[in-house]
Structures are given as C-alpha cells and as structure tokens.
Amino acid sequence: MLLVTCPYCGPRPEIEFRCGGEAHIARPAEPSKLSDKEWAEFLFVRTNAKGVFAERWNHAHGCQRWFNALRDTASDRFIETYKIGEQRPDRAPRQERL
C-alpha cells in the first residue's frame with residue numbers, strides 16, 4: 001500500500017486521501033473581465049506532465065485538511081508534501097505547459 005505523508009497527521013494509507021488536481025493555480029483577479037475562452041482555459045486547461053508535478057490533496061478520511069504534494073506522475077511516488085500557503089519546494093524542475 002502507498003503511504004502519503006499528511007503534513008498535519010504524518011504517514012497514512014493512500015485510501016484516506018483524495019487528489020484535488022494541479023496546485024498553485026491562481027484565480028484571476030477579475031474573472032468578469034475574462035473572455036469565455038480565457039475563463040474556459042482557467043477552469044479546464046491544466047498541465048498533464050510526466051514527471052514531478054505539484055498537486056493539491058485532501059486528507060478526506062483524517063484531518064480533512066488540504067495540502068500540496070510533489071508527486072512523480074511516472075512512478076506515482078510522493079516526493080514531498082507541504083502545507084497550503086507554503087512555497088513549492090525546489091526539489092525538482094517545474095513542468096511547462098504544452
């Protein structure tokens with residue numbers, strides 16, 4: 001079984017967690033000024049990188065808090081977890097959108 005380290009509760013089984021998608025996506029400052037195309041891109045277009053990727057996770061069956069994680073999408077290995085609001089660790093290069 002895969003263990004995920006919650007920054008609040010410590011290592012727990014993967015079945016306690018839910019993925020919330022890509023981390024560090026900033027909401028537009030003035031969404032009403034976006035075109036339909038720009039709004040659709042904000043809502044639906046995400047990086048689908050192979051390799052180290054920053055994601056949001058929720059400890060759904062534990063403390064129920066959200067946190068960020070660096071995960072290798074090729075091996076499904078969690079590299080590091082960190083609290084929401086903390087800076088992304090420089091443990092691996094960022095992936096660029098294609």
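Residues numbered from 1 in each chain as written. Predicted model: local features only at pLDDT ≥ 70, side-chain atom pairs only at ≥ 80, totals over all residues. Heavy atoms only, no water.

Some remarks on the packing of aromatic side chains
Point 1. On inspection of all chains with the given rule, the structure shows three aromatic pairs.
Point 2. Geometrically, the ring pair formed by Phe-17 and Phe-67 is edge-to-face, given 5.8 Å between the ring centres and 90° between the ring planes. Residue Phe-17 is found in the loop between strand E2 (10–13) and strand E3 (18–22), and its partner Phe-67 is found in strand E5 (residues 66–72); the two are separated by 50 residues along the sequence. Across the pair, exposure class does not vary: Phe-17 and Phe-67 are buried alike.
Point 3. Centre to centre, the rings of Trp-57 and Phe-78 are 5.2 Å apart; their planes meet at 65°, and the pair counts as edge-to-face. Placement of Trp-57 in strand E4 (residues 52–58) and of Phe-78 in strand E6 (residues 77–83) is noted, with a sequence separation of 21 residues between them. One exposure class covers both Trp-57 and Phe-78, and it is buried. (Phe/Tyr/Trp six-rings, centres within 6.5 Å; stacked < 30°, edge-to-face > 60°. Helix = DSSP H or I, 4+ residues; strand = E, 2+ residues; numbered from the N terminus. Buried < 20%, exposed > 50% of the residue type's maximum accessible area, 1.4 Å probe, protein only.)

Considering the nonpolar core
Point 1. Within the largest apolar cluster, seven residues are counted, these being Val-4, Cys-6, Phe-17, Trp-57, Phe-67, Ala-69 and Phe-78.
Point 2. Listed by contribution, the elements that provide at least two residues to this core are strand E1 (3–6) and E5. (Core = buried A, V, L, I, M, F, W, Y, C linked by side-chain atoms within 4.5 Å.)

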